[in-house]
Amino acid sequence: MTTTSLAASSAAAFTDPTVQIPTFHGLKSTTSLALARNVRFFPLPAFPSSSNSSSPLLVRAISTPAKPGVAAEPKRSKVEIFKEQSNFIRYPLNEELLTAAPNLNEAATQLIKFHGSYQQYNREERRQRSYSFMLRTKNPCGKVSNQLYLTMDDLADQFGIGTLRLTTRQTFQLHGVLKKDMKTVMSTIIRSMGSTLGACGDLNRNVLAPAAPIMRKDYLFAQQTAEDIAALLTPQSGFYYDMWVDGERFMSAEPPEVVKARNDNSHGTNFPDSPEPIYGTQFLPRKFKIAVTVPTDNSVDILTNDLGVVVISDAEGEPQGFNIYVGGGMGRTHRLESTFARLGEPLGYVPKEDILYAVKAIVVAQRENGRRDDRKYSRLKYLISSWGIEKFRSVVEQYYGKKFEPFRELPEWKFESYLGWHEQGDGNLYCGLHVDSGRIAGKMKKTLREVIEKYNLDVRITPHQNIILTNIRNAWKRPIATALAQGGLLNPRYVDPLNITAMACPAFPLCPLAITEAERGIPDILKRVRAIFEKVGLEYSESVVIRITGCPNGCARPYMAELGLVGDGANSYQIWLGGKPNQTSLARTFMDKVKIHDLEKVLEPLFYHWKRKRYSKESFGDFTNRLGFEKLKDLVEKWDGSVPAPTHYNLRLFADKDTYEAMDDLARVQNKNAHQLAMEIIRNYVAAHK
């Protein structure tokens, strides 16, 4: 049987009315799904397939061109074969979902990523593998409706592990879903105005933008542009809706400029007569990441993306166009110097009406020329590193149909957390809440649910794994603040400054790539860093940007940190130094194979000499770059651990038992004791009033 007929027969089997996945009869919460039941779905239009189209699909550049003297058939990775034979990301996933096995076969495991899911198993179980699936939503700008939040909260309890995780790309991750429940969970998300389409896989991922709901022209324009780009690069062939809601999908009205840009083929960007005009049968060589922001606001880590877009406004604040960066990316492989983290670099400027065409041209240049033989080198950064920016710009201009204008000058970037209470600009307030490692669980999860449901709030997820409650009336501020504090979601002034900027990936036990701990290890590591700060005499209000990942793929962007810890062995880390607090420079490898119990031996001398040898207001990252790694290693090797003991004062903090017990209850939420929390509050108060 040919591949085409096999795919067709499998697709028919999946839609056979005699073969049904059990119907879902509702979640425990009627509130969160009340609107979902009233959403109307509409059949998808019929698209021509490769087997019945009157004009054959055009497939170009599915791998790197063959070199002279080499066989005409270029080498392709296994994933490229899976994509080509999948009938646009359907087969064999459609058949595998119907089997009784708890897991998927190799091809389906790759294809389900395009639908927004990864197959996982608990790596701490030795005798058998307990398979489950992680689902990731797609939320341009981090926007999450009230209905979708409540639905995700319900799904986490009923089908997941009881927690939600906020990601570094402004999305949710839902862990622990069993294969038999996948269609139930996926269809529920779709019917609650959500999506997981494109949250994983070889296509455009979630588009970042500043999460803050600031009613300012440039912020609103940046967020709208992010949503338009996300719509432009959304797959069109219907495989997602075929799989999870039996071929139905929302009737959504796209902006006409998005439809026009997608359909435009005046410069040879599209596959004619294909259900995927931009992606074709092969989609992209690897994932593609885009962020949009405004000048100075680097809440999105703009330089770490394949494509970074910056709104440029005139003197009156009216958006006029965009600066474009290209070629950023974090992933690398240990001890393979040909893989590397890279910052995006300026490509040029385009007027605002051309941004969708410019984005499409860049994506197509990567689609046509990115490597498809070795996935380690398939990201855009490797193409640009190989070609150089001038050649890449020239190729993109052929698909764009115009020359890029010169890059506009930009002011200095700043890291924006948007934590705490702020005016939106429309009379309402928003409140940014810090969430350690983005993990919403326990009392915090219950409190957030109650507040969001009671006040009918929409939320935003930030690129630093925090959450923003939006559209809060002034009269609600006091009761909401009280409820949040009681649930452990404290005002940021009471959160350790080290925690504010720290990030970690999930790592163990579910991530198949993890080499060592990250999310589960970072709380203890941050406490140890705080203890070092106290030992060497650094002020409580001082901080460094710390990011930890369990492997070198860089999901928490450790290569931009002032202090990055990257798992490189059992209970050991590579130490990276030299990033900036505003995330505008790459860190470099300082030491390899540092065991977790030896961190103090390395960090104590570094922080001790930073305290004593830094320039005025010099950040830790800038200090390490100025001294140089040879000098720093010499300081570490000669360190004997002796630090002049700071003077301690024995102060009685609590005058009565009730105050102590109330403080102790709050402290336990943060895994501290009452004395530690009280001292943090006092230090913050003093620092704020100096």
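Residues numbered from 1 in each chain as written. Predicted model: local features only at pLDDT ≥ 70, side-chain atom pairs only at ≥ 80, totals over all residues. Heavy atoms only, no water.

- Where an unreviewed UniProt entry is consulted, the protein appears under the name Sulfite reductase [ferredoxin], chloroplastic, with the organism given as Cucurbita maxima.
- In its Catalytic activity (unreviewed entry) section, UniProt records this for the protein: "hydrogen sulfide + 6 oxidized [2Fe-2S]-[ferredoxin] + 3 H2O = sulfite + 6 reduced [2Fe-2S]-[ferredoxin] + 7 H(+)". (UniProt positions renumbered as here; feature names shortened; annotations may be inferred.)

**Details of the sheet that holds strand S6 (residues 172-177)**
Thought 1: Reading across the sheet, the 5 strands line up as S2-S3-S6-S5-S14 and stay open at both edges, with antiparallel pairing between neighbours. Every other strand in the sheet has two partners, leaving strand S2 (117-121) and strand S14 (439-440) as the edge strands with one partner each.
Thought 2: The pairing of strand S5 (residues 164-166) with S6 spans 2 bridges and is antiparallel. The residue bridging Arg-165 from the neighbouring strand is Gln-173, located in S6.
Thought 3: Contacting S5, S6 and S14, helix H6 (residues 146-158) runs over the sheet at an angle of about 25° to S6. (Pairing = 2+ DSSP bridges. Helix = DSSP H or I, 4+ residues; strand = E, 2+ residues; numbered from the N terminus. Contact = heavy atoms within 4.5 Å. Axes fitted to C-alpha atoms, helices over the stretch in contact; angles between N-to-C directions.)

**A word on the pattern of salt bridges**
Thought 1: Following the criterion strictly, the structure yields 43 salt bridges and no others.
Thought 2: The closest approach of N and O atoms between Arg-449 and Glu-453, which form a salt bridge, is 3.2 Å. Here Glu-453 and Arg-449 lie together in helix H14 (residues 442-454), a separation of 4 residues that amounts to about one turn.
Thought 3: A relative accessible area of 10% places Arg-449 in the buried class.
Thought 4: Linked by salt bridges that have partners in common, Asp-153, Asp-154, Asp-157, Lys-445, Arg-449 and Glu-453 make up one network. (Salt bridge = Lys/Arg side-chain N within 4 Å of Asp/Glu carboxyl O. Buried < 20%, exposed > 50% of the residue type's maximum accessible area, 1.4 Å probe, protein only.)

**Considerations on helix H7 (residues 182-191)**
Thought 1: Of all 10 residues in H7, 9 are buried; the element is thus mostly enclosed.
Thought 2: Immediately downstream of H7, the backbone of Met-193 shows phi near 70°, a positive value.

**Details of the environment of Tyr-660**
Thought 1: Examined against the element boundaries, Tyr-660 turns out to sit in helix H21 (residues 657-669).
Thought 2: Classification of Tyr-660 as partly exposed rests on a relative accessible area of 38%.
Thought 3: The contact partners of Tyr-660, leaving out residues within four places of it in the chain, are Phe-654 and Ala-674.

**A few points about the packing of aromatic side chains**
Thought 1: The final tally for this structure, using the stated rule, is 20 aromatic pairs.
Thought 2: With a centroid separation of 6.1 Å and 80° between ring planes, the pair formed by Phe-239 and Phe-283 is classed as edge-to-face. Of this pair, Phe-239 sits in helix H9 (residues 239-244) while Phe-283 sits in the loop between helix H10 (256-263) and strand S8 (290-293); the two residues are 44 residues apart in sequence, bridging distant segments of the chain.
Thought 3: Relative accessible area serves as the criterion here: at 1%, Phe-239 is assigned to the buried category.
Thought 4: Residue classification places Phe-283 among the buried positions, given a relative accessible area of 0%.
Thought 5: Among the aromatic residues, those joined into a cluster by ring pairs are Phe-114, Phe-239, Tyr-279 and Phe-283. (Phe/Tyr/Trp six-rings, centres within 6.5 Å; stacked < 30°, edge-to-face > 60°.)

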